[in-house]
Amino acid sequence: QVQLVESGGGLVQPGGSLRLSCAASGSRFTLAFYAIGWFRQAPGKEREGVACISSSDDSTYYADSVQGRFTISRDNAENTVHLQMISLKPEDTAVYYCAAGQPWSRCSDSREDYDFWGRGTQVTVSS
């Protein structure tokens, strides 16, 4: 069964940067065919969508809280989706998950619209 795998999390100081990556662990699964969302969940909080890139035209969408600081992109040669995060704040601390929607889907910030998920990678922003 297809699983997604996140990487790149870690501990960073406020104002620092991290680059997260999302890859598929199964064969014959091409991320370019799917809308890919990044979600995060902080302790005691609901999982929230932070960014998405569509499969149809690679349009990108961001939550207001990360607009201007996070950038989602595809590297189709590596079959990978990245989330570049800059100017990180303590409130960005969370487990970050990537998720894939239906083939050739558009972006959504609803967890219900995603079929495949990774186990998450921890991002901690602290002095």
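Figured I'd write up the structure that's included with this text. Computed from a predicted structure; not experimentally measured. (Residues numbered from 1 in each chain as written. Predicted model: local features only at pLDDT ≥ 70, side-chain atom pairs only at ≥ 80, totals over all residues. Heavy atoms only, no water.)

1. Some points on the nonpolar core
Membership of the largest hydrophobic core comes to 28 residues, with the highest contact counts inside it found for Trp38, Phe70, Ile72, Val81, Leu83, Met85 and Tyr96. Looking at this core, the elements with two or more residues in it are strand 3 (18–24), strand 4 (34–41), strand 5 (48–53), strand 7 (70–75), strand 8 (80–85), strand 9 (94–103) and strand 11 (121–125). Looking at this core, the element that brings in the most residues is strand 9, giving four residues. Counting residues in each nonpolar core, the second largest holds six residues, with Ala35, Phe39, Cys107 and Tyr114 among its members. (Core = buried A, V, L, I, M, F, W, Y, C linked by side-chain atoms within 4.5 Å. Buried < 20%, exposed > 50% of the residue type's maximum accessible area, 1.4 Å probe, protein only. Helix = DSSP H or I, 4+ residues; strand = E, 2+ residues; numbered from the N terminus.)

2. Observations regarding the side chain of Glu6
Along the polypeptide, Glu6 turns up in strand 1 (residues 4–7). There is no salt bridge for the buried Glu6, and the closest opposite charge comes from Arg47, which lies 7.3 Å off by N-O distance. From its side chain, Glu6 meets the backbone nitrogen of Arg119 in a polar contact 3.2 Å long. When near neighbours in sequence (up to four residues on either side) are disregarded, Glu6 contacts Ser21, Trp38, Tyr96, Tyr97, Cys98, Gly118, Arg119, Gly120 and Thr121. (Lys, Arg positive; Asp, Glu negative; His and termini not counted. Salt bridge = Lys/Arg side-chain N within 4 Å of Asp/Glu carboxyl O. Polar contact = N/O pair within 3.5 Å; in protein donor to acceptor, adjacent residues only side chain to side chain. Contact = heavy atoms within 4.5 Å.)

3. Re the sheet that holds strand 8
The strand order 1-3-8-7 describes an open sheet built from four strands, whose pairing is antiparallel. Pairing within the sheet leaves two strands with one partner each, and these edge strands are strand 1 and strand 7. When strand polarity is set aside, the average angle formed by the axes of neighbouring strands in this sheet is 20°. Alignment of strand 7 against strand 8, held across six bridges, turns out to be antiparallel. (Pairing = 2+ DSSP bridges. Axes fitted to C-alpha atoms, helices over the stretch in contact; angles between N-to-C directions.)

4. What to know about the state of the cysteines
Per the counting criterion, the structure on display carries two disulfides. Between the sulfur atoms of Cys22 and its disulfide mate Cys98 the distance is 2.1 Å. Linking Cys22 and Cys98, the disulfide has an S-S dihedral of approximately 70° and is accordingly described as right-handed. Here Cys22 is found in strand 3, whereas its partner Cys98 is found in strand 9, with 76 residues between them in sequence. (Disulfide = S-S within 2.5 Å.)

5. Regarding unusual backbone geometry
Residues other than glycine seldom take positive phi values, yet Asp58 does so here, at roughly 60°. Assignment of secondary structure puts Asp58 in the loop between strand 5 and strand 6 (60–62). What makes Asp58 partly exposed here is its relative accessible area of 37%. Even without a glycine there, the phi angle at Trp104 is positive, about 60°.

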